[in-house]
Amino acid sequence: MRSAFPGPFRAIAITVVPEAARLDEAGWAEVEAIIRRALEARPPAVRRQLGMLIRLIDLLALLRHGRRFASLDGARRTGLLTRLQDARPLLLRRGVWGLRTLIFMGYYARPAAAAEIGYRADPRGWEARR
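Trainee: Quick question: what am I supposed to make of the layout of surface pockets here?
Mentor: Each pocket or cavity is described by its volume, and for the largest pocket that value is around 470 Å³. As for the largest pocket, its lining consists of 18 residues, and the residues nearest its centre are Val46, Gln49, Leu50, Leu53 and Gly95. Every element with two or more residues in the lining of the largest pocket is listed here: helix 2 (25-40), helix 3 (44-65) and helix 5 (90-108).

Trainee: When you look at the packing of aromatic side chains in this model, what are you seeing that I'm missing?
Mentor: Two descriptors summarise a pair of aromatic rings, namely the distance from one centre to the other and the angle between the planes of the rings. With the rule as written, the count across this model stands at two aromatic pairs. Between Phe104 and Tyr108, the ring centres sit 6.4 Å apart and the planes meet at 35 degrees, which makes this aromatic pair tilted. Of this pair, Phe104 and Tyr108 both sit in helix 5, four residues apart, roughly one helical turn. Note on Tyr108: relative accessible area 34%, which makes it partly exposed. Geometrically, the ring pair formed by Tyr107 and Tyr108 is edge-to-face, given 4.9 Å between the ring centres and 85 degrees between the ring planes. Taking the relative accessible area as the measure of exposure, Tyr107 reaches 4% and is therefore buried. Put simply, the rings of Phe104, Tyr107 and Tyr108 pair up and form one aromatic cluster. The lysine or arginine in question, Arg110, covers the ring of Tyr107, its NZ or CZ lying 4.4 Å from the ring centre.

Rules of the game
Residues numbered from 1 in each chain as written. Predicted model: local features only at pLDDT ≥ 70, side-chain atom pairs only at ≥ 80, totals over all residues. Heavy atoms only, no water. 1 Å grid on protein atoms, 1.4 Å probe; cavity = no way out; pocket = protein on both sides within 12 Å on 5 of 7 lines; lining within 4 Å. Points joined across faces, edges and corners; volume = space filled by probe spheres on them. Helix = DSSP H or I, 4+ residues; strand = E, 2+ residues; numbered from the N terminus. Phe/Tyr/Trp six-rings, centres within 6.5 Å; stacked < 30°, edge-to-face > 60°. Buried < 20%, exposed > 50% of the residue type's maximum accessible area, 1.4 Å probe, protein only. Lys NZ or Arg CZ within 6 Å of the ring centre and 35° of its normal.

What follows is the structure, given as structure tokens:
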């Protein structure tokens, strides 16, 4: 199954959540489906902007380091994302923080991730724990 997300998305996701490197194709499909459902509620322009941001991150890696984002080592990936999240343009900072939030949601909203970290929330609240 081919990802509907731009190519560097998974490398960005692994940089944000290193445990994502252990995901198999089914796990990635689950992460991407969670994010896709969240984005369906947003205007098409927001989805396009997100895709453009991911491609921009890949292009900036190429311009700065001579390699695509996915080909960079972890320290360079982290450094690039840190510089972008702290960049002067507010729109860029918001975009990077929004992308990080989506990645966290996609990864940690999976039942397998909740089990890994011991998250046992229940709609019944504390009554379920008694």
